[in-house]
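Listed here are the chains, written in short residue letters.
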Amino acid sequence: MKIISSIREIQDLALTLKRDVRRIAFVPTMGFLHEGHASLLREGRKRGDVLVLSIFVNPIQFGQHEDLDRYPRNLDGDCAIARECDVDIVFTPTAAEMYPGGFQTSIRVSNLALPLCGASRPGHFDGVATVVTKLFNIVQPDVALFGKKDFQQLAIIRRMTLDLSLPVEIVGMPIVREADGLAMSSRNAYLSPDERRSALCLSRAIRLARERYAAGEHTAETLLTAAQELIEAEPAALIDYLELRDVDTLETVSTVSDSTLMALAVKIGATRLIDNTLLGDEP
Ligand code: PAF
């Protein structure tokens, strides 16, 4: 497994691989890898001749008062998981390498980035779209894999790839959950044992909404109220947003269907967690 931090070096290597008609599969991450990332890497291994993992905590997708400085990092642990998943190349650039002095270019996907996390974290998705575009230009992937836990991010990356005619196939992979239902996230590492228990209110709210929907309840307001009451019964939880939206347009709906997304962000103590489900999806 090669570990590369220079843009020039990996870009040259990628162009050589492509000349040899090798298919490049790419999993971009911010590191502190867990089973969710491993599932992307294992799928990437099947889809490419060469598997590239990037680890870069991207400063421009964090707001001023967010957790950039304390974002968990563990390069040795990440490399061990990468080896287990048979990664060929790990790309770990510095911020100075990615954003040279004078950097002033940004990619913005407009409407899809406005609601949900875009409303709570202004500028976040510009940072994501910009770094993903750069990473695509650097790594030259044929296929790139992203987790559906960051559903809005995935929708934005799909839109951007289509709008900018980027020659990359985007694959969305199912959310990976702990045995008790908590969606896997690097930020789960911030939770104390008590907070970890409280955090189950996100997946429980989702399960409740899914059960009520399956039982025939199609009124958005009723489903949202039930989920909201469940979360608010948890003293450590503070809802940032809890919404039902169309899965393609991300516009709000009043009557739900199989193509309705329930998305939520909840603060558990100081930690903001997100989760989502497509109401019509198999459990
Ligand atoms: O999902 C993430 O880890 C990040 O947002 C990404 C896509 C690697 C961009 O920094």
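As the structure is a prediction and not an experimental result, all values here were calculated from the model.

## What to know about the overall build of the protein
And step 1. The helix and strand inventory of the protein stands at ten helices and nine strands.
And step 2. Computed over the C-alpha atoms, the radius of gyration of the protein is 19 Å, within 12% of the 19 Å expected from 2.2 N^0.38 for a compact globule of 283 residues.
And step 3. Overall size of the protein, expressed as C-alpha extent along the three principal axes, is 55 × 40 × 40 Å.
And step 4. The buried share of the protein, taken over its 283 residues, is 52%.
And step 5. Once local pairs closer than 6 in sequence are excluded, the contacts in the protein between residues at least 24 apart make up 72%.
And step 6. As displayed, the protein offers around 13,500 Å² of accessible surface, 49% of which is attributable to carbon and sulfur atoms.
And step 7. The average position of the 31 basic charges and that of the 39 acidic charges among the side chains of the protein differ by 4 Å.

## Side note on the packing of aromatic side chains
And step 1. A full pass over the atoms with the stated rule returns five aromatic pairs.
And step 2. Ring plane angle 45 degrees and centroid distance 6.2 Å describe the contact between Phe56 and Tyr99, whose orientation is recorded as tilted. Of this pair, Phe56 sits in the loop between strand S3 (50-55) and helix H3 (75-84) while Tyr99 sits in the loop between helix H4 (95-98) and helix H5 (116-120), placing them 43 residues apart in sequence. Each of the two residues, Phe56 as well as Tyr99, counts as buried.
And step 3. Through pairs of rings, three or more aromatic residues link up here, namely Phe26, Phe136 and Phe146.

## Considering the site of the ligand
And step 1. Every residue near the ligand is listed here: Pro28, Thr29, Met30, Asn58, Gln61, Val131, Phe146 and Gln153.
And step 2. Gln61 has a polar side-chain atom sitting 2.6 Å from an oxygen atom of the ligand.
And step 3. The side chain of Gln153 places a nitrogen or oxygen atom 2.7 Å from an oxygen atom of the ligand.
And step 4. Of the residues contributing to the shell around the ligand, the split by class is four nonpolar, four polar and no charged.

## A look at the nonpolar core
As a rule of thumb, soluble globular proteins bury nonpolar side chains together.
And step 1. With 47 residues, the main nonpolar core has Ile10, Val52, Met98, Val132, Phe136, Phe146 and Ile170 as its most contacted residues.
And step 2. For this core, the leading source of residues is helix H6 (residues 124-139), giving nine residues.
And step 3. In terms of nonpolar packing, the next biggest core, distinct from the first, is built from 24 residues, Leu191, Leu200, Leu202 and Ala227 among them.

## A look at the pattern of salt bridges
And step 1. This structure, assessed with the given rule, holds 17 salt bridges.
And step 2. Put simply, Lys46 and Glu43 hold a salt bridge, and the shortest N to O gap is 3.4 Å. Taken together, the residues span about one helical turn, with Lys46 and Glu43 both in helix H2 (residues 35-47) at a distance of three residues.
And step 3. Under the relative-accessibility criterion, Lys46 is labelled exposed at 67%.

## A closer look at H2
And step 1. For H2, built from 13 residues, the straight-helix expectation of 18 Å at 1.5 Å per residue is met to within 8% by its first-to-last C-alpha distance of 18 Å.
And step 2. For H2, the complete set of buried residues consists of Gly36, His37, Ala38, Ser39, Leu40, Leu41, Glu43 and Gly44.
And step 3. Where H2 is buried, its residues touch strand S2 (24-29), S3, H3, strand S5 (143-147) and strand S6 (169-173).

## Examining the sheet that holds S3
And step 1. In spatial order, the strands read S1-S4-S3-S2-S5-S6; together these six strands make up an open sheet with parallel pairing. This sheet does not close on itself; its edge strands, each paired only once, are strand S1 (2-4) and S6. Across the sheet, the mean angle separating the axes of adjacent strands is 25 degrees when strand polarity is ignored.
And step 2. Here three bridges tie S1 to strand S4 (residues 89-91), and the two strands are oriented parallel to one another. When the sheet's bridge partners are listed, Ile3 is paired in S4 with Val90.
And step 3. On top of the sheet, helix H1 (residues 7-19) reaches S1, S2, S3 and S4; it is set at about 145 degrees to S4, its chief contact.
And step 4. Along the sheet, helix H7 (residues 151-163) makes contact with S5 and S6, crossing S6 at roughly 170 degrees.

Conventions and cut-offs
Residues numbered from 1 in each chain as written. Predicted model: local features only at pLDDT ≥ 70, side-chain atom pairs only at ≥ 80, totals over all residues. Heavy atoms only, no water. Helix = DSSP H or I, 4+ residues; strand = E, 2+ residues; numbered from the N terminus. Rg over C-alpha atoms; globule rule 2.2 N^0.38 Å. Buried < 20%, exposed > 50% of the residue type's maximum accessible area, 1.4 Å probe, protein only. Contact = heavy atoms within 4.5 Å. Areas by Shrake-Rupley, 256 points an atom, 1.4 Å probe, with all protein chains shown as cover. Lys, Arg positive; Asp, Glu negative; His and termini not counted. Charge placed at Lys NZ, Arg CZ, Asp CG, Glu CD. Phe/Tyr/Trp six-rings, centres within 6.5 Å; stacked < 30°, edge-to-face > 60°. Near = heavy atom within 4 Å. Polar contact = N/O pair within 3.5 Å; in protein donor to acceptor, adjacent residues only side chain to side chain. Nonpolar A, V, L, I, M, F, W, Y, C, P; charged D, E, K, R; others polar. Core = buried A, V, L, I, M, F, W, Y, C linked by side-chain atoms within 4.5 Å. Salt bridge = Lys/Arg side-chain N within 4 Å of Asp/Glu carboxyl O. Expected span 1.5 Å × (residues − 1). Pairing = 2+ DSSP bridges. Axes fitted to C-alpha atoms, helices over the stretch in contact; angles between N-to-C directions.

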